[in-house]
Amino acid sequence: MTVTQETRQLKLSFGTAENRGESKPRADGDAVAYLKASESLAGPKPNGKRKQILSVTMEEIVEWLEIAFSKVASNKGAPGPDRQTIEMVRKHLPQILPTLAQSLIDGSYIPGDVRRKWIPKAGGGERGLGIPNVVDRIVQEAVRTVIEPLYEPKFHPSSHGFRPGKGCHTAIAEAKRHVEDGYEWVVDIDLEKFFDRVNHQRLMARLAERVEDKRILVLIGRMLKAKTIMPDGVRVSTDEGVPQGGPLSPLLSNIVLDELDRELEQRGHRFVRYADDANIYVKSERAGQRVMASIAQFIEKRLRLKINESKSAVAKPGERHFLGFSLRVDPLEESIEVLLSKRSKERIGAKIVDMLPRNRGQSMTQIINDLNVYLKGWLGFFWICTPGVERTLWNLDAHIRRRLRAIQLKHWKTKLTRARKLIKLKVHPKTAFNAIYSGRKSLWALSSCPAVHRGLRNTYFVERGLVSLQERWREKFESICTSEQLELFTR
């Protein structure tokens, strides 16, 4: 949808660059009086304060367009095929919203194409993201806000993906409780290209069970059928799948997979699902094989989806990767350890190598500052690991410091400068010169020799602000041991 070039402006009830929101909106002849009281539209409304309603209408979706724009703008997403940025839409928002509201009400709104963007997957291959136009994302967000209360209370409690108050940490906490209860085998199911294979007819049938306004169903159907612009410019029609990247796709995926959740519940299985990753916990390998065969048949014949056989297996939880974690039973302590999965260790190691090449030319302070941003975010996700992770974090810290030592040696350039710098760092002159001048050593080999290690101690980098993963994790874990957050892993 292009920006409307109308000279007339409608006053908005919340502030924008062109309208500070001093007055209430006025109703023009060609626009719908869809705006709520100005005082109530300063920001998104909490879900808890919304009325529990049995049905929704297109008029209610229209009322949420402004708030939907503020949410879309806060995500700072990329432009769609029409190349209109969020700031461009914001500038002309007073003209766009009334026309958009009218087209939604009378059913003339047609979603634009979706831009396909390929991003590499950590496990190999590529994931296709669908990036709608900014205006289309506003409509999707408004639709999501309105219809989500119809489905959210009915979703299974073991579904943790893209839901308010749930996430990866709550999923791992529930999985840990299942293993503690003696279910020490996991049926790890991964759906192959789930977002690209969702059956439109089945999805629309599920939506029609609770959404009575036919205009909303037609609107969602048009969104699902929006054509895709490939990176090479080819325009492709869409017969199945939900574009992964729009605000509405996470809710639609949960609506589709809620049928799987109910089937697992009916069969009496203990499970945890996050989006298209589902772990079913059983007590023996033989039981796991039976469950895998029967659930695979249900998924392929009933849901018309496909299981990724290369990523699905029946195994011990400690051998599997689930949301970056693995669960291991400690035979001595008879407790469950939450550890980094093998894949997570490989990812952080590769990221460190990528961020700390020995030819990086920035100052050491700048390098450490950039590194800290990533390490703090990484640790903010993995802080729920139990004490068994300390050795892994110690090894990561040691690897980071060694790479920093190699970079510092590169910055010092000549052998004479390196020796003199080490002497200033209180290394004995003879030791410093012998280490630097004895033989031809690479910077990587030199970074681990005792003289360099003694000179560039941990404090050398700590003084420049380097974050220690092991120490930060220990502080974080110990600080929550007496807080309510620890109940996730103790109840």
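What counts and what doesn't
Residues numbered from 1 in each chain as written. Predicted model: local features only at pLDDT ≥ 70, side-chain atom pairs only at ≥ 80, totals over all residues. Heavy atoms only, no water. Helix = DSSP H or I, 4+ residues; strand = E, 2+ residues; numbered from the N terminus. Buried < 20%, exposed > 50% of the residue type's maximum accessible area, 1.4 Å probe, protein only. Contact = heavy atoms within 4.5 Å. Areas by Shrake-Rupley, 256 points an atom, 1.4 Å probe, with all protein chains shown as cover. Core = buried A, V, L, I, M, F, W, Y, C linked by side-chain atoms within 4.5 Å. Patch = residues over 30% accessible without salt bridge, like charges linked within 9 Å, V, L, I, M, F, W, Y side chains within 5 Å. Salt bridge = Lys/Arg side-chain N within 4 Å of Asp/Glu carboxyl O. Lys, Arg positive; Asp, Glu negative; His and termini not counted. Charge placed at Lys NZ, Arg CZ, Asp CG, Glu CD. Polar contact = N/O pair within 3.5 Å; in protein donor to acceptor, adjacent residues only side chain to side chain. Phe/Tyr/Trp six-rings, centres within 6.5 Å; stacked < 30°, edge-to-face > 60°. Lys NZ or Arg CZ within 6 Å of the ring centre and 35° of its normal.

(A) View of the overall build of the protein. Broken down by element type, the protein carries 21 helices and 10 strands. Sorting the 491 residues of the protein into buried and exposed places 49% on the buried side. If you take every contact in the protein between residues at least 6 apart in sequence, the share linking residues at least 24 apart comes to 73%. For the protein, the exposed surface amounts to about 24400 Å²; the carbon and sulfur share of it is 50%.

(B) Highlighting the nonpolar core. Ranked by internal contacts, the top residues of the largest apolar core, which has 71 residues, are Leu 65, Leu 104, Val 143, Ile 189, Leu 203 and Ile 299. Ignoring any residue separated from it by four or fewer positions in sequence, one finds Ile 299 in contact with Ile 189, Leu 191, Leu 260, Arg 304, Leu 305 and Ile 307.

(C) Local environment of a positive patch on the surface. Together, Arg 127, Lys 311, Arg 343 and Arg 347 make up a region of like positive charge exposed at the surface. Here Arg 127 shows up in strand 2 (residues 126–132).

(D) Looking closely at the environment of Gln 362. Relative to the helices and strands, Gln 362 is located in the loop between helix 12 (342–355) and helix 13 (364–382). When its relative accessible area of 35% is taken as the criterion, Gln 362 is described as partly exposed. For the pair formed by Gln 362 and Ile 407, sequence separation is 45 residues and the distance between their alpha carbons is 9.7 Å. In contact with Gln 362, not counting residues within four places along its chain, are Ile 367, Asp 370 and His 411. Within the structure, the side chain of Gln 362 is placed 2.6 Å from the side chain of Arg 360, a separation counted as a polar contact.

(E) Layout of the packing of aromatic side chains. Summed over the entire model, instances satisfying the criterion amount to 8 aromatic pairs. Seen in terms of ring centroids, Trp 378 and Phe 382 are 4.8 Å apart; in terms of plane orientation they differ by 40°. Their pairing is tilted. Of this pair, Trp 378 and Phe 382 both sit in helix 13, 4 residues apart, which is roughly one turn of that helix. Neither Trp 378 nor Phe 382 differs from the other in exposure class; each is buried. Ring geometry for Phe 381 versus Phe 382: centroids 4.8 Å apart, planes at 90°, classification edge-to-face. Taking relative accessible area as the criterion, Phe 382 reaches 8% and is therefore assigned buried. Members of the aromatic cluster, each reached through a chain of ring pairs, are Phe 325, Trp 378, Phe 381 and Phe 382. Arg 116 extends its terminal NZ or CZ atom over the ring of Trp 118, reaching a point 5.2 Å from the ring centre. Its end group placed over the ring of Trp 444, Arg 402 keeps NZ or CZ at 3.9 Å from the ring centre.

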